[in-house]
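Take a look at the letters that make up each chain.
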Amino acid sequence: MMRPAFRYSDDNKRYHTYNYYLKHRFGRRVYKVPLNIGIGCPNRDGSKGVGGCAFCSDRLSGEFAGDPSQSILSQYREVREVMEKKWQGGLCIPYFQAGSNTYTDIATLDRMLSTALALPDAAGISIATRADCLDAEKCALLGEYAKKTYLVCELGLQTVHDSTAKAMNRCHTYDDFLNGYELLRKNGVNVCVHIINGLPGETHEMMLKTASEIAGLDIHMVKIHLLHILKNTRLARMYSEGGFAAMEKDDYINTVCDQIELFPEEFVIGRITGDGAKDELIAPKWSTDKRSVLNGIDMELARRDSRQGAAYKAR
């Protein structure tokens, strides 16, 4: 039997996949159950901005999450029933996906977490938010739950370049991100960072700069997304007016491989492309063939005879 090309791998993968991590941590299949509990975003209600980020849909990045009119338990059961048809007998991670899920009062946040912790076959909790929706009290609470279960707080950074963030109406800076990140790590909370490749105006070097900055942080996981241009978004209007071009498939594959090489081996790679709702996707259409993208990344790393961490430099 051939030895894997990468130490955090049981197969041909040359990077540290989330599946590998979960399998070796829990000893069985684990999958996430996306939830939508109707928490909004400070970038929509006027407290930080209006209209939301240029790329974000009206569903607040919860296209595949549950129905917010239902309880957490009802959503969990419904989504899990669908997933069980594909993955039987697995453990689950309730995933508060849609919206900025710490953008609420401390009592509500506590109820959310305690409810998720008590769900049947729950192996942990994931909660997505913006770093500017965190404070010392909320991070202390998350830290208490992190002592009880495998808890990951997912922070949408997208880019370290404030000029891009401003153009995308993020109403959020890299310093805001670092402040939230540091509070989470101070309380022992696992951090997952989301980044987006293909943002308007960003060069290959700028995307690598984002990855390089993240590589120097004490995080648990990184998710790499492709910019999806979705209907009824500010980004869609920019695209229709010729403001920028969608990223090409080969450019995306090469960029992701370059970024993977920059990350330390221990970083879990939670995602290397995104899922856009097909009925809402304007471009790039090639992204709907997710398997082709994943295979392309595997093939390019193999062609280079490279792996995660190949270009990592400890700081």
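A. Expanded view of the overall build of the chain. On a plain count of helices and strands, the chain comes out with 10 helices and nine strands. Compactness check: the chain gives a C-alpha radius of gyration of 19 Å against a globular reference of 20 Å for 315 residues, within 12% of the reference. Dimensions of the chain, computed from C-alpha atoms along their principal axes, come out at roughly 55 × 50 × 40 Å. Going through the 315 residues of the chain one by one, you find that 55% of them count as buried. Pairs at least 24 residues apart make up 82% of the contacts formed inside the chain by residues separated by at least 6 positions. Of the roughly 14,300 Å² of accessible surface on the chain, 48% is carried by carbon and sulfur atoms. Side chains of the chain carry 41 positive and 40 negative charges; the gap between the two charge centres is 3 Å.

B. Molecular detail of the sheet that holds strand S8 (residues 268-271). Within the open sheet, the seven strands sit side by side as S1-S2-S3-S4-S5-S6-S8. Their pairing is parallel. Across the chains shown, the open sheet's two edge strands, defined by having one partner strand only, are strand S1 (30-35) and S8. Between one strand and the next, the sheet's axes are offset by a mean angle of 25°, whatever the strand orientation. Bridge count between strand S2 (residues 91-96) and strand S3 (residues 124-129): two bridges; the pairing is parallel.

C. Representation of the environment of Gln 158 in the model. Among the secondary structure elements, Gln 158 is positioned in strand S4 (residues 150-158). Residue Gln 158 is classed as buried on the basis of its relative accessible area, which comes to 10%. Placed 36 residues apart in sequence, Gln 158 and His 194 show a C-alpha to C-alpha distance of 5.7 Å. Apart from residues lying up to four places away in sequence, Gln 158 is in contact with Phe 55, Arg 170, His 194, Ile 195, Ile 196, Leu 199 and Thr 210.

D. Representation of the environment of Glu 137. Tracing the chain through its elements places Glu 137 in helix H4 (residues 136-146). As for Glu 137 and Met 83, which are separated by 54 residues in sequence, their C-alpha atoms are 35 Å apart.

E. Layout of the packing of aromatic side chains. Using the criterion set out here, one finds nine aromatic pairs in the structure. Taking the centre distance of 5.9 Å and the plane angle of 45° together, the rings of Tyr 252 and Trp 286 count as tilted. Here Trp 286 lies in the loop between strand S9 (281-283) and helix H10 (290-304) and Tyr 252 lies in helix H9 (residues 249-262), a separation of 34 residues in the sequence. With respect to burial, Tyr 252 and Trp 286 carry one shared label: buried. An aromatic cluster is built from Phe 6, Tyr 8 and Tyr 20, whose rings are joined through pairwise contacts. Positioned over the ring face of Tyr 95 is Lys 32, at 3.7 Å from the centre of the ring. Taking the ring centre of Tyr 145 as reference, the NZ or CZ of Lys 148 above it sits at 4.5 Å.

Reading the values: rules and limits
Residues numbered from 1 in each chain as written. Predicted model: local features only at pLDDT ≥ 70, side-chain atom pairs only at ≥ 80, totals over all residues. Heavy atoms only, no water. Helix = DSSP H or I, 4+ residues; strand = E, 2+ residues; numbered from the N terminus. Rg over C-alpha atoms; globule rule 2.2 N^0.38 Å. Buried < 20%, exposed > 50% of the residue type's maximum accessible area, 1.4 Å probe, protein only. Contact = heavy atoms within 4.5 Å. Areas by Shrake-Rupley, 256 points an atom, 1.4 Å probe, with all protein chains shown as cover. Lys, Arg positive; Asp, Glu negative; His and termini not counted. Charge placed at Lys NZ, Arg CZ, Asp CG, Glu CD. Pairing = 2+ DSSP bridges. Axes fitted to C-alpha atoms, helices over the stretch in contact; angles between N-to-C directions. Phe/Tyr/Trp six-rings, centres within 6.5 Å; stacked < 30°, edge-to-face > 60°. Lys NZ or Arg CZ within 6 Å of the ring centre and 35° of its normal.

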